[in-house]
Amino acid sequence: MKMKNKLKLHIAVFAGICSALWHRATKPDGLALANYLASPASDEDTKLSDAAITRRCLIKLGTDENHINVCGTGDIPLGATRDGSCLAAAINVSYAQFGLYSRELEGIASGAIAAGDMIVPGAAGAVRTLPAVGGTYYIIGRAKTAAADGQPVVYVPCFPVQRIV
């Protein structure tokens, strides 16, 4: 009986090693363990909307972990929509996740923005420069281009960093 259990153990270990080698060969970016594969998180995600959401809009967590909503000036942003948008609630919307997304994003300026300015959430999903007025803000990136109020602005995103002015 003991010999049978040892054989099962050796087969299980061998299968785990084969599995880890297979995952290493097919997913070089992943972390291969004998019985688990942890791949890096995707830089984009999709969630259900709580309301209408437009393109180039900052979003925040919605009513629960499966929903998103439009981000306002006092909210902690989760990411930004790129091409995804919806006209009503309960529709899947794709968005770039701040802290994971490594490419430039485009937002709509709320007020004048100069190239190099720190970007924070504005009203109704727009972006604006870091105000000098006292308050708590979340820096989400740095402007790469200048823009006037209501115009598109290109920015380099980062993980939201709280700044108290």
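As shown above, the structure is provided for reference.
Residues numbered from 1 in each chain as written. Predicted model: local features only at pLDDT ≥ 70, side-chain atom pairs only at ≥ 80, totals over all residues. Heavy atoms only, no water.

## With respect to the overall build of the protein chain
Right, on to step 1. In terms of helices and strands, the protein chain carries 1 helix and 12 strands.
Right, on to step 2. In sequence order, the protein chain lays out its α and β elements as α-β-β-β-β-β-β-β-β-β-β-β-β.
Right, on to step 3. Burial status across the protein chain gives 31% buried among its 165 residues.
Right, on to step 4. For the protein chain, contacts bridging at least 24 residues in sequence account for 52% of all contacts bridging at least 6.
Right, on to step 5. Just so you have it, the protein chain exposes about 9700 Å², and 60% of that area is on carbon and sulfur atoms. (Helix = DSSP H or I, 4+ residues; strand = E, 2+ residues; numbered from the N terminus. Buried < 20%, exposed > 50% of the residue type's maximum accessible area, 1.4 Å probe, protein only. Contact = heavy atoms within 4.5 Å. Areas by Shrake-Rupley, 256 points an atom, 1.4 Å probe, with all protein chains shown as cover.)

## Examining the side chain of Q97
Right, on to step 1. Tracing the chain through its elements places Q97 in strand 7 (residues 92-97).
Right, on to step 2. Apart from the residues within four sequence positions on either side, Q97 is in contact with S42, D43, E44, D45, L78 and G79.

## Let's talk about the state of the cysteines
Right, on to step 1. Counted under the stated rule, the structure contains 0 disulfides.
Right, on to step 2. Distance from the sulfur of C57, which forms no disulfide, to the nearest cysteine sulfur (C71) is 8.1 Å.
Right, on to step 3. With a relative accessible area of 2%, C57 lands in the buried category.
Right, on to step 4. Judged by its relative accessible area of 1%, C71 falls in the buried class. (Disulfide = S-S within 2.5 Å.)

## Considerations on the nonpolar core
Soluble globular proteins: nonpolar side chains tend toward being buried together.
Right, on to step 1. Among the nonpolar cores identified, the biggest contains 16 residues, and L58, V127 and Y155 are the most heavily contacted of them.
Right, on to step 2. Broken down by secondary-structure element, the contributors of at least two residues to this core are strand 11 (136-143) and strand 12 (152-164). (Core = buried A, V, L, I, M, F, W, Y, C linked by side-chain atoms within 4.5 Å.)

## Description of the pairing of strand 12
Right, on to step 1. As defined by bridge partners, strand 8 (residues 105-108) adjoins strand 12 across 4 bridges and the pair is classed as antiparallel. Within the sheet, the bridge partner assigned to I108 lies in strand 12 and is P152.
Right, on to step 2. With 7 bridges connecting them, strand 11 and strand 12 associate as antiparallel partners. The residue bridging Y137 from the neighbouring strand is R163, located in strand 12. (Pairing = 2+ DSSP bridges.)

## With respect to the side chain of H67
Right, on to step 1. In this fold, H67 is placed in strand 5 (residues 67-70).
Right, on to step 2. Looking at H67, the relative accessible area reads 17%, which means it is buried.
Right, on to step 3. There is a polar contact of 2.7 Å between the side chain of H67 and the side chain of D64.
Right, on to step 4. Here H67 is in contact with K47, L48, S49, D50, K60, L61 and G62, once residues within four sequence places are set aside. (Polar contact = N/O pair within 3.5 Å; in protein donor to acceptor, adjacent residues only side chain to side chain.)

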